[in-house]
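Structural features, examined
Here is what each chain is made of, one letter per residue.
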Amino acid sequence: MFLRTPLYPCLLATALAFSTNASAQAPAATLEQRIREDTAAIQPRLVKWRRDIHQHPELGEQETRTAKLVADHLKRLGLEVKTGIARTGVVGVLKGGKPGRTVALRADMDALPVTEPAGLPFASKARGIYHGTEVDVMHACGHDAHTAMLMAAAEVLAGMKDELEGTVMFVFQPAEEGSSLAMPGPGASWGAKLMLEEGVFDTLKPDAVFAVHVMPGPAGQLSWRSGATTAASDMLNITVTGNQGHGGMPWNTVDPVVTSAQVIGGVQTVVSRKANLARSPTVVTIGTINGGTGPNIVPESVAMSGTIRTYDEGVRAQVGDDLKRSAEKIAESAGARANVSIEPMYSSIFNSAELVERMAPVLKRAADGNVATAELPGAAEDFSFFSQQAPGLYMFLGVTPEGQDPATAAPNHNPRFFVDEGALEVGARAMAMMAVDFLGNDG
């Protein structure tokens, strides 16, 4: 015989362990198959929901129609539903038939002040009030798809409630793009931050949080990365004050316009000569500049605003200090004054390495192997507030139609941003499969 007696108990234990493990994996595999089948069945309604939301977009903290659509859907599924969180947020709680941990799945609901071109039969014609001004409104970032995918995932998981181990929170968040009612500034809160301040995780705190964002990429492809995944975002405001006077006699003035031009050039040297780009990519963009009342008048002051994007907290702090110092000293050298304020907006989303390792096989199955490592985007996202409360995994779903080069496809926030709706089934399937796998694995 090949087996010697002293080894037999060890091999028997191994065999028993394998048998136990296999039996434990079988229910999960069965649930994954059900998720795949149920998501496919829901796909037509998923598309219908997405088109309805797309045709009726709402700005941040004004998503009342969308919130009602979501809340009514969750209530029909038998979930515990809470509304009015952070003004228009909705949370549905699905308690499984077996005890276990808690996982949160998040979707954002708000649209942008963007004019949608004609062409789609469900194109937006909506108008809204953005910081006091009437504007056109469009889902130019795909939040309509996010909301519809999570509605579908909620229905799929509610259909297997008795087999679920633990609890699933479905978090439908307003104002990811910022508030349309209040300007950002010290003490201002909206979106994920405001939901947390109002206690969204106080009575039921998740052990993990997941989210998916659509973007240009091969349709149905899931991509993610470990560690820093989106940029931290800080708002930069600079006011240069000089001495007003006649444009024909500038020697009697201190010109804040010319000084502002020097400041704009100077802040770029903070990136090129002071930021450690080997440690973290860094971007400083001046997006607005306003000053002056007439062509022959040197104004008293010029105001600029911009954004700072970083991926490392140390670099973030250093860049802020260097920008402030550079702007102030450049203005001082011209005899002017620069008042610089930097308002933190969103931190970088940091994907948990452990969670990424555990979920990678699940996501590969969900996407039928169509996966990739995500590149660092310059965009920022307030999902970072949620992932600071629990280990998080934020991933991307490609929605560029087959035959079109994603590199040349209209990007998010562009009026021609287009979503291949066939890809949305993959996103809904991935969210549901991650929830089931996480809850069924006690770590």
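Residues numbered from 1 in each chain as written. Predicted model: local features only at pLDDT ≥ 70, side-chain atom pairs only at ≥ 80, totals over all residues. Heavy atoms only, no water.

Some thoughts on the confidence of the model for the protein chain
Interpretation of this model should avoid reading the predicted coordinates in detail wherever pLDDT is low. Basically, it comes down to this: pLDDT is defined as a per-residue confidence score from the predictor, taking values between 0 and 100. Every residue pair with non-hydrogen atoms within 4.5 Å of one another is taken to be in contact.
This prediction gives the protein chain a mean pLDDT of 93; 93% of its residues lie at or above 70. Contacts for the low-pLDDT stretch residues 1-24, under 50 throughout, to residues beyond four places or in other chains number 2 contacts.

Overview of the sheet that holds strand β18 (residues 392-400)
Hydrogen bonds along the backbone pair up the strands of a sheet, which may run parallel or antiparallel. Rule in force here: Paired strands are those between which DSSP finds at least two bridges. Counting from the N terminus, the helices are DSSP H or I runs at least four residues long and the strands are E runs at least two residues long. Axis geometry follows a simple rule: fit a line to the C-alpha atoms, using only the stretch in contact for helices, then measure angles between N-to-C directions, giving values from 0 to 180 degrees.
The 8 strands are arranged β1-β2-β6-β3-β7-β18-β8-β17 in an open sheet whose pairing can be described as mixed. Every interior strand has two partners, whereas the edge strands, β1 (80-85) and β17 (371-373), have only one. Across this sheet, the average inter-strand angle for adjacent strands is 25°, counted without regard to direction. Examined bridge by bridge, β1 and strand β2 (residues 89-95) share 5 bridges and lie antiparallel to one another.

A word on helix α5 (residues 256-274)
How we decide: Helices are assigned an expected span. That span is 1.5 Å times one less than the residue count. Three labels apply to residues, based on accessible area from a 1.4 Å probe with only protein chains included: buried if under 20% of the type maximum, exposed if over 50%, partly exposed otherwise in between. Pairs of N or O atoms within 3.5 Å make up the polar contacts considered here, provided that, within protein, one atom can donate a hydrogen while the other can accept it, and that residues adjacent in sequence are counted only when both atoms are side-chain atoms.
With 19 residues, α5 extends 25 Å from end C-alpha to end C-alpha; this agrees with the ideal 27 Å at 1.5 Å per step. Along α5, the residues classified as buried are P256, T259, S260, V263, G266, V267, V270 and V271. The residue sitting at the N-terminus of α5 and contributing the capping side-chain oxygen is D255; that oxygen lies 2.8 Å from the backbone nitrogen of V257.

Section: the side chain of T259
Relative to the helices and strands, T259 resides in helix α5. What T259 contacts, discounting residues up to four positions off in sequence, is V240, I330, A331, A334 and A336.

Comments concerning the pattern of salt bridges
Our working definition: One side-chain nitrogen of Lys or Arg within 4 Å of one carboxyl oxygen of Asp or Glu is enough to make a salt bridge.
With the rule as written, the count across this model stands at 24 salt bridges. For E80, the salt bridge is made with K95, and the minimal N-O distance between the two is 3.4 Å. Of this pair, E80 sits in strand β1 while K95 sits in strand β2, placing them 15 residues apart in sequence. One salt bridge in this structure joins E381 and R106, with 2.8 Å as the shortest N-O distance. Of this pair, E381 sits in the loop between β17 and α8 (383-387) while R106 sits in strand β3 (residues 98-108), and the two are 275 residues apart along the sequence. Assessed through its relative accessible area of 3%, E381 is described here as buried. With relative accessibility at 4%, the residue R106 sits in the buried group.

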